[in-house]
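Listed below, chain by chain, are the residues.
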Amino acid sequence: MTRALITGITGQDGSYLTELLLDKGYEVHGVVRRTSTLGRSRLDHLYSDPNIYGRRLFLHYAELDDPTTLRRVLVKVAPDEVYHLAGQSHVGLSFEIPESTCDMTAMGTLRLLEMIRDLNKPPRLFHASSSEVFGEPACVPQDEQTPFAPVNPYGCAKAFATQMVGVYRRTFGLFTCNGIMFNHESPRRGENFVTRKICRAAAAIKLGLQTELLLGDTKSRRDWGHARDYVQGMWLALQQETPEDFVFATGQLHSVQDIVEFAFGAIGLDWQKFVKQDPRFMRPVEPHRLVGNASKAERRLHWVPKTPFAQLIEEMTRCDLESLSAKESAEYSSAPPPQKR
């Protein structure tokens, strides 16, 4: 049974990747941070299954900024494959906490590479890089040869981590791959990301739980795909005979405004009645024309994204509508009955 270790297993990508690997017969180990809450909602359906958790799925406490704990997990698990997905991944937030973003995302990757290098049997490593490394790209679309030009702390941290993965591959002969991931979303995306913020707000407005949606620049455009498709690319990258870097993208640009219109349209609402611009959500510097060319992944890995953009946004919005409705019903049923006078 192939054994995999996932950093960031409780995140959007980590949960989809866990399901994929379990379906392929893997034994899956995940690194989780020790926090004051045990909330792991994206893994609840697996964590609560006695036929899976403790048999084929295992969670271990460790921190990217604590080499001792991370090294201990690597030695104990002795994985065949490592999927490095953890890090501070919110672009806007990286302007507020640049030092911790760089420590987690850049130095955390370097620490992991050093630990893998020291193992008797180094595992294959997939590092989840980001299109933010391109920032203000020299060409459109971007591929594996496009020069890095990040414009935010997160992009700078990812650029460092991505280049170090290549250095360790060339210098020490490790099987290390970068997946330069363009934006990918799902119903499991964090609520502080703009795609989920919009879809959840549309659902809340539909249910009368919210009255308006405040956004920054809705003209901003990105290459958005479905996370479920992208984790397939992660796995395929580690199944090759030789390690290489790959861009994973749809090759299509959509604007934040497109998300607004698809999300509100999916549930029959006129977005113009509810959406307002708020300068607080404007970014200091906005990347331009980030759209990927995934022809190498298609050619070498036979990977192609399967979920159309409109379908992705509709799925996210309807899932939020369903979850908010269920939550509202549960709160109503648990409320005490009114007092008779």
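Structure: above.
A. Geometry of the overall build of the protein. Of regular secondary structure, the protein possesses 11 helices and 13 strands. Computed over C-alpha atoms, the radius of gyration of the protein comes to 21 Å, within 12% of the 20 Å expected from 2.2 N^0.38 for 341 residues, which places it in the range of a compact globule. Each principal axis of the C-alpha distribution contributes one length, and for the protein these read about 75 × 50 × 40 Å. Out of the 341 residues belonging to the protein, those deemed buried represent 52%.

B. Spotlight on the packing of helix 7 (residues 194–206) against helix 9 (residues 256–266). Interaxial distance between helix 7 and helix 9 falls to 9 Å at its minimum, and their mutual angle equals 30°. Classified by the angle between their axes, helix 7 and helix 9 sit roughly parallel to one another. Here the hand of the crossing between helix 7 and helix 9 comes out right-handed. Here Val-194, Thr-195, Ile-198, Cys-199, Ala-202 and Ile-205 of helix 7 lie close against helix 9, whose contacting residues are Val-256, Ile-259, Val-260, Ala-263 and Phe-264. The residue inventory of the contact of helix 7 with helix 9, partitioned by class, reads 10 nonpolar, one polar and no charged.

C. Local environment of the pattern of salt bridges. Counted according to the given criterion, the structure contains 17 salt bridges. Residue Arg-111 is joined to Asp-103 by a salt bridge in which the shortest nitrogen-to-oxygen separation is 2.8 Å. You can call Asp-103 partly exposed: its relative accessible area is 27%. Asp-320 serves as the salt-bridge partner of Arg-196, at 2.8 Å between the closest nitrogen and oxygen. Within this pair, whereas Arg-196 is found in helix 7, its partner Asp-320 is found in helix 11 (residues 309–334), the two being separated by 124 residues in sequence.

D. Local environment of the nonpolar core. Residues Leu-17, Leu-21, Tyr-83, Phe-126 and Phe-248 are the most contacted members of the largest nonpolar core, which totals 37 residues. The element contributing the most residues to this core is helix 8 (residues 227–237), with seven residues. Ala-201, Ile-259, Ala-263 and Leu-269 belong to the second-largest nonpolar core, a separate cluster that totals 25 residues.

E. Region of the structure containing the packing of aromatic side chains. Considering all chains together, one arrives at 11 aromatic pairs under this definition. Ring centres of Tyr-83 and Phe-126 lie 6.4 Å apart, and the angle between their planes is 40°; this geometry places the pair in the tilted category. In this pair, Tyr-83 is assigned in strand 4 (residues 81–84) and Phe-126 in strand 5 (residues 124–130), connecting sequence segments 43 residues apart. Like Phe-126, Tyr-83 is buried. Members of the aromatic cluster, each reached through a chain of ring pairs, are Tyr-230, Phe-246, Phe-248 and Trp-303.

F. Helix 1 (residues 12–23), seen in detail. If you check helix 1, its first and last C-alpha atoms are 17 Å apart, about what 12 residues at 1.5 Å a residue would give, namely 16 Å. Summarising burial for helix 1: 11 of the 12 residues are buried, a large majority. Among the residues of helix 1, those classed as buried are Gln-12, Asp-13, Gly-14, Ser-15, Tyr-16, Leu-17, Thr-18, Glu-19, Leu-20, Leu-21 and Leu-22. Where helix 1 ends, the next residue or the one after it, Gly-25, has phi of about 90°, a positive value.

Cut-off values and rules
Within each chain, residue numbers correspond to sequence positions counted from 1 in written order. Local features in a predicted model are, by the rule used here, given only for residues with pLDDT of at least 70; side-chain atom pairs are given and counted only at 80 or more, and totals for whole chains, interfaces and linings are based on all residues. Where side-chain values are given, they derive from all heavy atoms of the structure, hydrogens and water being excluded. Each helix is a run of DSSP H or I of at least 4 residues and each strand a run of E of at least 2, with the numbering of both proceeding from the N terminus. The globule rule is 2.2 Å times the number of residues to the power 0.38, and the radius of gyration it is compared with is taken over C-alpha atoms. Buried, partly exposed and exposed residues are distinguished by accessible area as a fraction of the type maximum, computed with a 1.4 Å probe on protein chains only: under 20%, between the cut-offs, and over 50%, respectively. Angles run from 0 to 180 degrees between N-to-C directions of axes, and those axes are lines fitted to C-alpha atoms, restricted for helices to the stretch in contact. Under this scheme an angle from 65 to 115 degrees is roughly perpendicular, one under 35 degrees roughly parallel, and one over 145 degrees roughly antiparallel; angles in between are oblique. Left-handed is the label given to a crossing in which the near helix is rotated counterclockwise from the far helix by less than a right angle, and right-handed is the label when the rotation is clockwise. Contacts are assigned to residue pairs that have any heavy atoms within 4.5 Å of one another. Polar here means any residue other than Ala, Val, Leu, Ile, Met, Phe, Trp, Tyr, Cys and Pro, which are nonpolar, and Asp, Glu, Lys and Arg, which are charged; Gly is therefore polar. The term salt bridge refers to a side-chain nitrogen of Lys or Arg lying within 4 Å of a carboxyl oxygen of Asp or Glu. Within this scheme, the nonpolar core is defined by two criteria: the residues are buried Ala, Val, Leu, Ile, Met, Phe, Trp, Tyr or Cys, and they are joined through side-chain atoms within 4.5 Å. Aromatic rings from Phe, Tyr and Trp, with only the six-membered ring used for Trp, were paired whenever their centres fell within 6.5 Å, and each pair was classed as stacked if the ring planes differed by under 30 degrees, edge-to-face if by over 60, and tilted otherwise. Given the number of residues in a helix, its expected span is that number minus one, multiplied by 1.5 Å.

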